[in-house]
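Take a look at the letters that make up each chain.
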Amino acid sequence: MLSEQLLKTSRRRSFTNYLMKKRKLMVNLNINDQFISVPAGTTVLAAAQKLKITIPTLCNHPDLCVAGNCRVCVVEQKGARTLIASCATPVSEGMDIHTNTLKVRNARKHIVELLLSEHRSDCTKCYKNTKCELQALANEFAFGDTIFLDLVEDHQYSIDRSSPSFIKDDSKCIRCQRCVRTCSELQYISAIAVANKGAHQKISSFHDRPMSHVVCTNCGQCVNRCPTGALVEKTYIDQVWDAIYDPEKHVVVQTAPAVRVALGEDLGYDPGERVTGKMVSALRQVGFDSVLDTDFSADLTIMEEGTELLTRLKKALVEGDKKTRIPMFTSCSPGWIKFIEHKYPDFLPNLSTCKSPQQMFGALAKTYFAKKRKLDPSKIVSVSVMPCTAKKFEADRPEMRASGYKDIDYVLTTRELAVMIKQAGIDFRVLKPSNYDSIMGESTGAAAIFGATGGVMEAALRTAYEIVTGREVPFNNLNITPIRGLEGVKEATIKIEGCTPEWKFLEGVELKVAIAHGLVNANKIMKMVKQGKAPYHFIEIMACPGGCIGGGGQPIPTSTEIRENRIKAIYSEDEHMILRKSHENPEVMILYKEFLDKPNSHKAHELLHTHYVERDDY
Ligand code: SF4
Ligand code: SF4
Ligand code: SF4
Ligand code: FES
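Residue indices follow the written sequence of each chain, beginning from 1 at its first position. Lettering for chains starts from A, numbering for ligands starts from 1, and both go in the order in which the items are written. In keeping with the predicted nature of the model, local features appear solely for residues at pLDDT of at least 70, side-chain atom pairs appear and are counted solely at 80 or more, and the whole-chain, interface and lining totals rest on all residues.

Colleague: When you look at the packing of helix 3 (residues 102–117) against helix 4 (residues 133–141) in this model, what are you seeing that I'm missing?
Modeller: To describe two helices that pack against each other, one gives the angle between their axes and the distance between the axes. Between N-to-C directions, angles cover 0 to 180 degrees, with each direction set by a line fitted to C-alpha atoms, over the stretch in contact for helices. Secondary structure is summarised from DSSP: a helix means a run of H or I of at least four residues, a strand means a run of E of at least two, and numbering begins at the N terminus for each. Orientation of helix 3 relative to helix 4, taken along the N-to-C sense of each, is 130 degrees, at an axis distance of 10 Å. When the interaxial angle is binned, helix 3 and helix 4 end up oblique. Judged by the sense of rotation from one axis to the other, the crossing of helix 3 with helix 4 is left-handed. Here helix 3 contributes R108, K109, V112, L115 and L116 to the contact with helix 4, which in turn contributes L134, L137, A138 and F141. Grouping the amino acids of the contact of helix 3 with helix 4 by side-chain chemistry returns seven nonpolar, no polar and two charged. Angles below 35 degrees are treated as roughly parallel, those above 145 as roughly antiparallel, those between 65 and 115 as roughly perpendicular, and all remaining angles as oblique. The hand of a helix crossing depends on one turn: near helix anticlockwise from the far one by less than a right angle means left-handed, and clockwise means right-handed. Any two residues are considered in contact once their C-beta atoms, placed from the backbone, lie within 7 Å. Each residue gets one of three labels, nonpolar for Ala, Val, Leu, Ile, Met, Phe, Trp, Tyr, Cys and Pro, charged for Asp, Glu, Lys and Arg, and polar for the others, Gly among them.

Printed below as a string of C-alpha cells:
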C-alpha cells in the first residue's frame, strides 16, 4: 500500500543552504548613504540589490559561481585605493560604498568601450538586438566618441553553425565565461573552455572542433545565460513562415507542457503566468492549420513507458532474466540522452526505448493524424514549440523517421514563438483564450506536470499505481508532493501492496525511484549506478535545471525564483484540469483502439520506440 508514511524522501541539503542556516552574524554598512544590515558573506552587489540600487553586471549570473572578470560592476569603497568588483566582494562591517561616482562611471564607460572595440557591433542585424546585455550597457555608458581603436577588422573570428540547436559567433563574445561555468558547474560536461591568452583569448571546444562534433548535449543552458549574441538558438522561424504561406501544406503545431507557463514572460507577463488558452488562439492567428498538444503524447508516453517498466520488473524480479536492465531511465529529455550516449554508453540498455513526447507526436502526425484527417502525409509540415534547444537536435536524428518522413520538420523554442507572435502583429493581451483542436489535442493534468522536475515520475506513479492495485494513488488530490521541488536529487521508496490478481507478482515489492534534474545531478546518480550503489528501479532524469521549465529555449533571464514560479504554474495547470491521470485521456484510448492496438504493441514499437548510439567522450 502506497502511503505518505511509506514514501520516504531523502533530500540532499545543499552546502549553501547549510551555510546560510549557520550564518547568524549580521554586517552593517552604508550604500549610497543608505544603511543596511545583511548576513556576513553577502556580496556588495547583493546588498545593493536589497536596497533596490542597480549596479550593472555582465559576467555575474545568479545560477553560477563568481567569476569577477568583467569589472563592469565596480563601485567605490571609501578608504580603498582602487575600485572594487561588487559581485566578488563580500560586505564588511562599516563599509561605505558609492555606486555612482564620477570615478565609477568613467571606469564602467572605459570597460564597455574596450569590450566594444573588439566587438562586431552589427546590432540591427543581430538576433539579440534589444535583448542584449552588452547593448543595454553600451546605450547607458558608451555612446559618442571613444578613445579606443576599433580592433574588429584585425581579428579572425569564426562563426560555428554546425550544431542544429545553436550558433556560436565568436565575434560577439565578450569572454565573460558564463557559458563555460554553465557547462561545467550546472551540466558537468565542459564541452567548452577558455583557450589562449590576452587578445587571442576565446571560448573553444576540444581541439577547436565544431560544436556538432564534441561532447555538447545541445541543452542550450549556455545560450540561455550568454549576455550577448555570441550564443543564440539556431532559428527556423523563416522556414515555418514559408510553410504557413504555402497553400499546398497543412502545418501542424504542437506545444510542450513547459511553454505555456513561460511564453508570457517574453510578451510582457510576470514569470509563472499561465497563458495556455491565449497561446492557442495566437497560434491560430499566426496561421497554423492544426493547433495540437504535446501533452496528448505525454499521456501516451506514460502508457508506453509505464507498460515497459512493469514488463521489465516482471522479467527482472519474477523471471530472473539477467539481460533485462534495472533501473530503467526515462528518455524524454534529449539533452540527457546525448549525455548518457557520450558519458555512460554502457548503460544505454537501461534507457526506456520510448521516444520523447515530441517525437511520438511527430510519428503519429504523419500516420494516424493524416489518415484520420484524410491528408497526404507528404503535405504535412510538423512543427513543435519546445522549451528546449536539444529538441532541434533530436528532431534531426536519423532514427526519427518512423512515419516514412521526417517526423518533426521544425522545432521552435518558446523564445522563437514569442518572436513570431510579435512579427504577426498580434496583441497577445487582448486575445480570447481558446482550446486545442482535436484529435491529438486532448490531455490530462498528468501530462501538464511533465514540464517540472519529478513530473514524469508523478504522472507514471498516478497511472502505474492504479493499474497495479485498481485504486487511486493515495495522496491528497493526487498530488505526490514528496517528489516535487528543486532538490538536485530526490529519492522515494514505495511499498506495493493490495495488487490485483494480474499484478500479484509485484505484491510486497518496495519500488525505489529517484529523480534528478540538471546534468550535474544526473552525473551523481550515474556514478552511483556505475558503482552498483543505486538501489533504484526507475529513475527520472531531465537535462535542465528544474526540468523543462528551465530549458535552454525558455525566455531569458532565468534564476531559481523564476523557475519556482514556472513550477507553481505547472502544478496549477494540473489542478485546473478535469482529467488528471494519463490512462483516462479519451483520445489516447481511441488511438489504441483504432490504430495502435495496445501499449507496447508491434505497431507502437515501430512508431513510438527507438534505439540509442554510443558516442565519443570529448
Ligand atoms: S551581441 Fe549585442 S551588442 Fe553585439 S551586435 Fe548583437 S545586439 Fe549588438
Ligand atoms: S559565448 Fe557568451 S557567455 Fe560565453 S564567454 Fe562569450 S559572451 Fe560570455
Ligand atoms: S549546449 Fe549545453 S552541453 Fe553544449 S556547450 Fe552549452 S551548456 Fe555545454
Ligand atoms: S559582474 Fe562583477 S566582475 Fe563581472
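Colleague: Help me understand the site of ligand 2 in this model?
Modeller: Surveying the vicinity of ligand 2 reveals 13 residues, the closest of which are C173, C176, C179, C226 and A230. Of the residues assigned to the shell around ligand 2, the class counts are nine nonpolar, two polar and two charged. Whether a residue is near a molecule or strand depends on its C-beta atom, placed from the backbone, lying within 6 Å of it.

Colleague: What is the right way to look at helix 17 (residues 560–575) in this model?
Modeller: Here helix 17 contains 16 residues, and its C-alpha end-to-end distance of 23 Å stays within 8% of the 22 Å for a straight helix at 1.5 Å per residue. Those residues of helix 17 that are buried lie in contact with helix 8 (276–286) and helix 14 (445–448). A helix's residues, less one, multiplied by 1.5 Å, set its expected span.

Colleague: I'm lost on the site of ligand 1 in this one. Help?
Modeller: Around ligand 1, the surrounding shell holds 13 residues, and the nearest of these are C123, C126, C132, T228 and G229. Residues belonging to the shell around ligand 1 are distributed by class as follows: four nonpolar, six polar and three charged.

Colleague: Would you explain the domain arrangement of the chain in this entry?
Modeller: A common way to report how large an interface is uses the accessible area buried once the components associate. Once the domains are mapped, the chain shows domain 1 (15–100), domain 2 (147–233), domain 3 (237–296 + 358–430) and domain 4 (301–354 + 454–608). Here the limits of each domain have been adopted from an automatic or database domain assignment. Spacing between the C-alpha centres of domain 1 and domain 3 amounts to 44 Å.

Colleague: I tried to follow the sheet that holds strand 5 (residues 95–98) on my own but got confused; where do I start?
Modeller: Where strands meet in a sheet, backbone hydrogen bonds hold them as pairs that are either parallel or antiparallel. Note on pairing: DSSP must find at least two bridges between two strands before they are called paired. Taken together, the five strands give an open sheet; going across it, the order is 2-1-5-3-4, and neighbouring strands pair in mixed fashion. Either end of the sheet is taken by a strand with one partner, and the two such strands are strand 2 (34–39) and strand 4 (84–85). Taken together, the two bridges between strand 3 (residues 74–77) and strand 4 define a ladder with antiparallel strand orientation. By the bridge assignment for strand 4, V74 is matched with A85.

Colleague: Whenever I open this one, the confidence of the model for the chain confuses me. Can you help?
Modeller: Low-pLDDT portions of the prediction should not be read for the details of their coordinates. For every residue, the pLDDT score states the predictor's confidence, bounded by 0 at the bottom and 100 at the top. A residue-level look at the chain finds 96% of positions with pLDDT of 70 or above and a mean pLDDT of 94. Across residues 1–13, where pLDDT falls below 50, the model places 32 contacts with residues more than four positions away in sequence or in other chains.

Colleague: What am I meant to see in unusual backbone geometry here?
Modeller: The general pattern is negative phi for most residues beyond glycine and trans for most peptide bonds. Looking along the chain, the bond that leaves I326 and enters P327 is cis, with omega of 0 degrees. By secondary structure assignment, the location of P327 is in the loop between helix 9 (294–318) and strand 13 (328–329). Of note, the bond from I556 into P557 is cis; its omega dihedral lies within 30 degrees of zero at 10 degrees. Mapped onto the elements, P557 comes out in the loop between strand 18 (538–542) and helix 17. Of note, Q177 is a non-glycine position whose phi angle comes to about 70 degrees, a positive value. Position of Q177 relative to the elements: it lies in the loop between strand 7 (166–169) and helix 5 (178–186). With phi around 55 degrees, K374 is a residue other than glycine that occupies positive phi space. Here K374 is to be found in the loop between helix 11 (357–372) and strand 14 (380–386).

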